[in-house]
Amino acid sequence: MDHGRLAQIRRVLDQYAGLSEDANTLDDHADLYVAGMSSHASVDVMIELEDTFDIEFPPQMLNRDLFESIAAIADAVARLQTAA
Amino acid sequence: MYFSSRNEPVFAISHLPSSIDDGATGVVMCPPFGWEELCTYRTRRVWADACARAGHPAIRFDLPGTSDSAGTPHDPDRLGAWTQAVSDAASWLREEAGCRRIAAVGIGFGGLLAWLASADGAPIDDLLLWAVPSRGRALIRQTRAAALINIDPNIELDGGIMPSREEVFTHPEDDGLLDMGGRLLSEETVTALSELDLTNLPLSNPERRRVLLYEREGVAADRRLREYFESTGAELEVTSGNAYGGMMQYARYAQVPEAEIARSLQWISEAEEAEWRPERGPGQLTTHVESSQTAEFHHDGVTIRETPLTLDVGSERLFAILTEPVDAPMAEVCAVLFNAGSDRRTGPCRAWVEAARRWASQGIPTVRIDEAAIGDSAGDQQYEDLAEYYDPRIIERTIETLDKLEARGLPGRFVLGGFCAGGYWSLHAALADRRVAGVFAINLPFFYWNWWAVNVLHGRWVYRKRRPDDPLIVAAILATLKRLSRLLPPARKLLLRATRWAPNKLDRALDQLRAQGTEVLLMFRPTEPLFDELLGDGRIAELEQMPNMHVDRIPGQDHTFRPLPLQRHVADALDEGLERVRRAGRTTPPPGQACS
């Protein structure tokens with residue numbers, strides 16, 4: 001995985017996800033909702049990810065699984081960047 | 001109370017100081033929409049209370065066609081109706097409370113409405129806007145994304161039909177947009193909002209206005225709004241609003257933004273102390289607004305009446321709304337619907353409001369009620385501990401509530417309905433009181449509250465969030481449990497199988513319900529832990545054999561049945577359940593005294 005991308009995602013999560021722990025200590029596959037991300041915060045995370053990576057998540061891609069873990073987010077971001 | 005806006009009754013609650021000073025500033029709390037409206041209900045109540053205590057009359061209300069106000073989301077020109085309601089709330093405050101100056105508090109969508117009303121000539125002077133976007137299309141995009149991310153779209157209808165994603169999130173009649181709270185914005189409303197740019201709708205006399213913009217955690221106030229106010233000479237203050245995220249949680253976890261409320265009161269007082277340009281500007285219109293303690297309106301072609309009730313039950317003061325027929329004869333049964341968890345009496349996806357109006361139009365009086373410290377009931381209980389929802393005193397209060405309703409002249413034969421904990425209260429009230437002829441329990445979490453049910457079956461310890469004051473050992477245990485959470489479901493099934501032999505109070509309870517002829521409707525989504533348990537030990541098949549017992553499988557995974565096909569499924573199942581209770585009432589004698 002691209003470590004730079006992961007670091008950026010962790011920064012976004014730290015700032016917007018409202019996690020109960022530091023995003024840097026989370027495993028790539030840890031469940032972000034269990035780690036304290038609220039439903040409302042997931043939208044803030046999405047919007048900030050779009051700004052950070054200059055991408056737009058298409059509606060058909062948006063679902064709960066997409067934001068379930070750092071690894072899932074990184075995979076989605078990579079796919080959108082590749083497609084761009 | 002209700003005030004009339006475009007001839008629609010709008011449910012409202014006023015918060016008036018014990019004495020109102022001449023020239024006091026009134027505060028209109030403008031509600032957001034859907035999920036944010038649910039999350040912020042308690043906050044807006046606390047905020048309005050704080051205003052009143054500080055000497056500022058305040059009013060909060062439900063948008064027309066939403067929550068406890070009359071109408072539906074499909075009614076025409078919702079955006080116009082909502083804007084007019086803000087304006088009428090401000091007029092009511094000015095006229096009834098004698099307010100000289102009016103401030104509107106708008107969170108998110110509510111702030112957008114406050115602006116629209118002000119631009120339209122509402123008697124609003126000052127604006128407190130928190131996380132308000134200047135463009136409606138940003139709001140729509142966030143609403144759509146929140147729904148897509150957070151609502152589980154997996155549905156399988158009869159015959160194995162799986163609706164498309166579009167069918168799950170849009171309404172077949174008008175192609176609206178489903179919000180994360182399971183509330184619908186009609187297509188007309190979506191279009192109107194998408195075209196909206198607040199900065200193209202100038203406010204009259206901006207130089208006479210005071211504006212307080214709250215930021216959010218890490219998100220600046222909308223740049224275009226800020227520039228608008230700076231360029232027009234309004235007295236602008238921009239300040240942090242770091243409690244936004246905490247406030248926008250599911251009602252049980254939502255935190256009241258104490259610091260932001262305190263700052264808002266200070267901001268209002270500063271204008272009063274300075275007698276800040278109190279004269280009215282041209283273009284601001286105060287109109288006479290009718291208000292009343294009850295609302296009458298048509299539903300399915302029948303006139304029904306809604307009346308807010310205050311019930312003193314035990315040591316608690318509970319809030320409820322009674323919906324009843326006006327002209328039609330009253331049926332022989334009264335329905336009582338309980339709040340869902342910490343969400344107020346409107347029910348999941350507004351299901352209780354819609355059921356109450358359907359049933360009242362058929363002659364069945366229906367009461368939707370808030371438990372202590374929830375919605376508009378008195379009390380300051382936080383329900384931080386799940387056990388508080390299953391306190392036996394709630395069952396006692398439920399029975400006493402039935403006494404109070406019967407004393408008001410409502411039928412002494414009841415059907416009780418609830419979601420999650422509300423279903424638990426309904427079921428246990430039926431076991432304690434033979435006046436309960438029917439029970440509707442949606443996603444009942446367990447039949448009996450105990451340590452096993454909560455911590456193992458419900459998995460509470462796994463999903464409990466770490467608190468700052470947790471000892472290290474608790475934090476370590478939580479972290480370990482979370483890591484093991486993937487193993488929990490299979491382990492739970494093994495434990496259930498191993499303890500199947502254990503004596504179960506459930507058999508005795510089911511026998512009692514059958515003997516007393518109580519009609520029971522249990523509705524479960526397929527992944528509900530109790531359904532899984534009942535299915536695992538073969539009990540579902542047994543229940544389905546019982547003449548008084550109906551088990552309905554909600555054909556989707558979403559806990560609060562937000563996808564529109566699920567909302568329709570639940571409404572139909574509740575209506576069928578009620579019909580069964582009515583049929584049973586025609587063939588069995590009326591109940592006697594409460595059983596021992």
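Residues numbered from 1 in each chain as written. Chains lettered and ligands numbered in written order. Predicted model: local features only at pLDDT ≥ 70, side-chain atom pairs only at ≥ 80, totals over all residues. Heavy atoms only, no water.

Draft legend 1. Structural view of the overall build of chain B. Of the regular secondary structure elements, chain B holds 21 helices and 20 strands. Relative to its full complement of 596 residues, chain B shows a buried share of 59%. In the form shown here, chain B has an accessible surface area of approximately 23600 Å², with 51% of it arising from carbon and sulfur atoms. (Helix = DSSP H or I, 4+ residues; strand = E, 2+ residues; numbered from the N terminus. Buried < 20%, exposed > 50% of the residue type's maximum accessible area, 1.4 Å probe, protein only. Areas by Shrake-Rupley, 256 points an atom, 1.4 Å probe, with all protein chains shown as cover.)

Draft legend 2. Main features of the interface of chain A and chain B. Counting residues at the interface gives 24 residues for chain A, matched by 24 residues for chain B. Summed over both partners, the interface of chain A with chain B comes to about 1900 Å²; 55% of that surface belongs to carbon and sulfur atoms. Of all residues in chain A, Val34, His40 and Leu62 of chain A bury the most surface against chain B, accounting for 30% of the area lost on that side. Linking chain A with chain B are two salt bridges. One salt bridge in this structure joins Arg141 of chain B and Glu50 of chain A, with 2.3 Å as the shortest N-O distance. For the interface between chain A and chain B, the tally reads four residue pairs in polar contact (both at pLDDT 80 or more). At the level of elements, α1 (3-16) and α2 (39-53) of chain A are the ones that each hand at least two residues to the side of chain A that touches chain B. Here the side of chain A that touches chain B takes eight residues from α2 of chain A, the largest share from any one element. (Contact = heavy atoms within 4.5 Å. Buried area = accessible area lost by both parts, 1.4 Å probe. Salt bridge = Lys/Arg side-chain N within 4 Å of Asp/Glu carboxyl O. Polar contact = N/O pair within 3.5 Å; in protein donor to acceptor, adjacent residues only side chain to side chain.)

Draft legend 3. Structural context of the packing of aromatic side chains. Residues and elements named next belong to chain B. Counted by the stated rule, this structure contains 24 aromatic pairs over all chains. Seen from their ring centres, Phe33 and Phe109 are 6.3 Å apart, and the 75 degrees between their planes marks the pair as edge-to-face. Linking Phe33 in the loop between β3 (25-30) and α1 (35-39) with Phe109 in helix α4 (residues 109-119), this pair joins segments that are 76 residues apart in sequence. No difference in accessibility class separates Phe33 from Phe109, as the two residues are buried. Relative to Phe531, the ring of Phe524 lies with its centre 5.5 Å away and its plane at 35 degrees, an arrangement referred to as tilted. Summarising the burial analysis for this pair, Phe524 and Phe531 share the class buried. One aromatic cluster in this structure is built from Trp47, Trp130, Tyr214 and Tyr244. (Phe/Tyr/Trp six-rings, centres within 6.5 Å; stacked < 30°, edge-to-face > 60°.)

Draft legend 4. Quick look at the environment of Phe53 of chain A. All names here are of chain A. Of note, Phe53 is situated in helix α2. For Phe53, a relative accessible area of 9% gives the class buried. Setting aside its immediate chain neighbours within four residues, Phe53 contacts Arg5, Gln8, Ile9, Val77 and Gln81.

Draft legend 5. Spatial organisation of the confidence of the model for chain B. All names here are of chain B. The predicted model of chain B has a mean per-residue pLDDT of 88, with 86% of residues at 70 or higher. Ignoring residues within four places in sequence, the model shows residues 592-596, a span with pLDDT below 50, making ten contacts including any to other chains. The complex prediction reports pTM at 0.87, with the ipTM value standing at 0.77. (pLDDT = per-residue confidence, 0-100.)

Draft legend 6. Quick look at the pairing of strand β17 (residues 414-419) of chain B. Residues and elements named next belong to chain B. For β17, the buried fraction is high: six of the six residues fall into the buried class. A two-sided burial pattern is seen for β17, the buried positions comprising Phe414, Leu416 and Gly418 on one face and Val415, Gly417 and Phe419 on the other. Where strand β15 (residues 334-338) and β17 come together, four bridges link them in parallel fashion. The residue of β17 that forms the bridge with Ala335 is Val415. Where β17 lies against strand β18 (residues 436-442), six bridges are found, and the strand directions are parallel. Paired with Phe414 across the bridge in β18 is Val436. Read from β17 through helix α13 (residues 421-432) to β18, the crossover connection turns out right-handed. (Pairing = 2+ DSSP bridges. Right-handed = clockwise from strand over helix to strand, strands pointing away.)

Draft legend 7. Local environment of unusual backbone geometry. Residues and elements named next belong to chain B. The residue Ala131 is not glycine, and still its phi comes out positive at about 55 degrees. Mapped onto the fold, Ala131 is located in the loop between β6 (126-130) and α5 (136-150). Exposure remark for Ala131: the relative accessible area of 22% places this residue in the partly exposed category. The backbone phi angle of Asn205 is positive, close to 45 degrees, even though this residue is not glycine. Within the fold, Asn205 resides in the loop between α7 (187-194) and β9 (210-214).

Draft legend 8. Expanded view of the side chain of Thr323 of chain B. Residue and element names in this part refer to chain B. Along the chain, Thr323 turns up in strand β14 (residues 316-325). Within the structure, the side chain of Thr323 is placed 2.8 Å from the side chain of Glu306, a separation counted as a polar contact. In contact with Thr323, other than residues within four places in its own chain, are Ile304, Arg305, Glu306, Ala356, Arg357, Ala360, Ile364, Pro365, Thr366 and Arg368.

Draft legend 9. Just the confidence of the model for chain A, in detail. The share of residues in chain A with pLDDT of 70 or more is 99%, and the mean pLDDT across the chain is 88. The least confident element of chain A, judged by mean pLDDT, is α2 of chain A at 87; the most confident is helix α3 (residues 70-83) of chain A at 92.

Draft legend 10. A look at the sheet that holds strand β11 (residues 291-292) of chain B. Residues and elements named next belong to chain B. Reading across from one edge, β10-β9-β6-β5-β3-β4-β2-β1-β11 is the order of the nine strands in this open sheet, with mixed pairing throughout. Either end of the sheet is taken by a strand with one partner, and the two such strands are β10 (235-239) and β11. Packing of helix α2 (residues 41-53) onto the sheet brings it into contact with β2 (8-15), β3, β4 (58-61), β5 (101-107), β6 and β9, and relative to β4 it is tilted by some 165 degrees. Of the strands in this sheet, β6, β9 and β10 touch helix α8 (residues 223-232), which is tilted by about 150 degrees from β10. (Axes fitted to C-alpha atoms, helices over the stretch in contact; angles between N-to-C directions.)

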